[in-house]
Amino acid sequence: MSFPHPLLESRTLGRLRVHAIQAGGQQLDGGAMFGVVPKTLWSRRLPADDKNRIPMGMRCLLIEHDDGLVLLDTGLGNKETAKFHEIYGIENAGGEGRTALEDGIRAAGFAPDDIAVVINTHLHFDHAGGNTWRAPTGEVLPTFPNARYVVQAGERAYAEHPNERTAASYFPPNWAPIVAAGRFEFIAGAREIVSGISVRPTPGHTPYHQSVVVQSGGETLCFLGDVVPTAHHLPLPWIMGYDVEPLVTLESKRTLLAEALREDWLLVFEHDAQAGFGRVVHDGKAYRLAE
Ligand SMILES: [Zn+2]
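What you are looking at is a predicted structure, and each value in this text was computed from that prediction instead of being measured. (Residues numbered from 1 in each chain as written. Predicted model: local features only at pLDDT ≥ 70, side-chain atom pairs only at ≥ 80, totals over all residues. Heavy atoms only, no water.)

### Observations concerning the overall build of the chain
We apply this condition: Only DSSP runs of H or I covering at least 4 residues are called helices, and only runs of E covering at least 2 are called strands; the numbering of each starts at the N terminus. Partly exposed describes any residue whose relative accessible area lies between the buried limit of under 20% and the exposed limit of over 50%, with all areas from a 1.4 Å probe on protein chains only and scaled to the type maximum. Residue contacts are counted whenever heavy atoms from the two residues lie within 4.5 Å of one another. Only the protein chains shown count as cover for residues, with accessible areas throughout obtained via the Shrake-Rupley method and a probe of 1.4 Å.
When helices and strands are tallied, the chain shows eight helices and 17 strands. Its C-alpha atoms give the chain principal-axis dimensions of roughly 55 × 45 × 35 Å. When burial is assessed residue by residue, the chain has 54% of its 291 residues classed as buried. Long-range pairs, those at least 24 residues apart, make up 65% of the contacts in the chain between residues at least 6 apart in sequence. Summed over all atoms, the accessible surface of the chain reaches about 11900 Å², with 52% contributed by carbon and sulfur.

### Quick notes on the state of the cysteines
The condition is simple: In this description, the term disulfide denotes a pair of cysteine sulfurs within 2.5 Å.
Using the criterion set out here, one finds zero disulfides in the structure. With no disulfide of its own, C60 lies closest to C222 among cysteine sulfurs, the gap being 15 Å.

### Section: the sheet that holds strand β9 (residues 184-187)
For the record, the criterion: At least two bridges found by DSSP between two strands are what make those strands a pair. Note on definitions: angles span 0 to 180 degrees between N-to-C directions of axes, and those axes are lines fitted to C-alpha atoms, for helices only across the stretch in contact.
Taking strand neighbours across the sheet as the criterion, the seven strands line up as β1-β2-β3-β4-β5-β8-β9 in an open arrangement whose pairing is mixed. Every interior strand has two partners, whereas the edge strands, β1 (8-13) and β9, have only one. The average undirected angle you get between the axes of adjacent strands in this sheet is 25 degrees. Where strand β4 (residues 68-72) and strand β5 (residues 115-119) come together, four bridges link them in parallel fashion. For L71, the partnering residue across the bridge sits in β5 and is V118. Where helix α4 (residues 100-107) meets the sheet, its contacts fall on β1, β2 (16-29), β3 (53-65), β4 and β5, and the angle it forms with β2 comes to roughly 160 degrees. This element, helix α6 (residues 153-160), spans β8 (148-152) and β9 of the sheet and lies at about 80 degrees to β8.

### Here's the deal with the pattern of salt bridges
Just so we agree on the cut-off: In the sections that follow, a salt bridge refers to a side-chain nitrogen of Lys or Arg positioned within 4 Å of a carboxyl oxygen of Asp or Glu.
Tallying each qualifying case throughout the model produces eleven salt bridges. Residue E259 is joined to R200 by a salt bridge in which the shortest nitrogen-to-oxygen separation is 2.9 Å. Pair noted here: E259 is in helix α8 (residues 246-262) and R200 is in strand β11 (residues 197-201), with a separation of 59 residues, a long-range link. Since its relative accessible area comes to 24%, R200 is described here as partly exposed. The closest approach of N and O atoms between R279 and D264, which form a salt bridge, is 3.8 Å. With R279 in the loop between β15 (277-278) and β16 (280-282) and D264 in the loop between α8 and β14 (266-268), this residue pair connects regions lying 15 residues apart in the sequence. Shared partners join several salt bridges into a network, and the residues in it are R98, E102 and R106.

### A closer look at α4
Most of α4 is tucked away: six of the eight residues are buried. Those residues of α4 that fall on the buried side of the exposure criterion are A100, L101, E102, D103, G104 and I105. A positive phi of about 105 degrees marks G109, the residue just after α4.

### Thoughts on the packing of aromatic side chains
As a reminder of what qualifies: Each Phe, Tyr or Trp ring, with Trp reduced to its six-membered ring, pairs with another whose centre is within 6.5 Å; inter-plane angles below 30 degrees give stacked pairs, above 60 give edge-to-face pairs, and intermediate values give tilted ones. Any Lys NZ or Arg CZ found within 6 Å of a ring centre and within 35 degrees of that ring's normal is scored as a charge over the ring.
Considering all chains together, one arrives at eleven aromatic pairs under this definition. Considering the side-chain rings of F84 and Y88, the 4.8 Å spacing of their centres and the 45 degrees angle between planes classify their relative orientation as tilted. Joined through ring pairs, the aromatic side chains of F84, Y88, F125 and F171 make up one cluster. The lysine or arginine in question, R98, covers the ring of W133, its NZ or CZ lying 4.2 Å from the ring centre.

The following block contains the structure:
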């Protein structure tokens with residue numbers, strides 16, 4: 001992979017070992033990524049290329065938990081065409097494994113069969129595409145055959161009833177084979193998935209988007225998902241144009257970041273090309289990444 005970020009960044013959180021895995025790179029339109037924020041402002045932080053695209057990551061988090069390995073989001077997977085990769089500027093090919101995500105899991109010392117739980121923040125292709133993989137036979141199979149997968153029931157319904165604007169993000173092969181195998185669990189609202197690992201609704205990007213909060217030994221980590229996709233999205237009004245309910249995102253961010261600041265949470269930025277982990281500060285005007 002020519003993608004600039006390290007494949008694996010490992011940390012200790014209380015009693016847990018956590019691994020941020022850069023499951024690939026993406027190039028997306030800078031305007032779409034920053035919504036109503038003028039290019040003169042966002043391009044100072046993230047210069048765009050000649051197609052107005054900015055570099056982004058597709059980071060997943062692997063958690064070594066007493067109840068087994070927990071994986072948060074799964075990147076894009078191996079099912080999309082070369083044309084699709086070109087449109088979204090995706091680089092996620094594996095070296096040893098089927099994808100960069102699988103390489104990252106192996107670099108952490110594990111294999112796909114070892115994953116016990118997969119939690120999807122939502123079902124967009126760049127977060128749930130790696131839930132399944134296309135075998136050489138053409139068959140689409142669960143990538144993590146021993147895992148139970150978890151997402152909000154509302155997100156599944158939203159994904160299965162797309163409209164003209166949302167359809168480009170939701171592909172049934174990313175969840176249907178897991179539903180057919182009886183391995184997808186659909187939940188409603190906040191829930192502890194395994195001891196110390198909970199999901200909480202953070203709607204706005206999609207109506208049933210969820211973030212994941214991990215607590216151990218008095219420390220807290222939050223895997224934000226698309227509520228704050230990069231560290232550049234920390235200022236409250238810096239919200240993606242992709243969000244279906246941007247003013248709902250605003251309130252989700254307001255609540256979550258206040259708590260993150262107060263309790264000094266370790267944050268994981270899923271789409272950031274550079275910052276994997278970070279903490280937030282407020283400089284009197286806006287939230288930003290701590291030095
Ligand atoms: Zn998304």
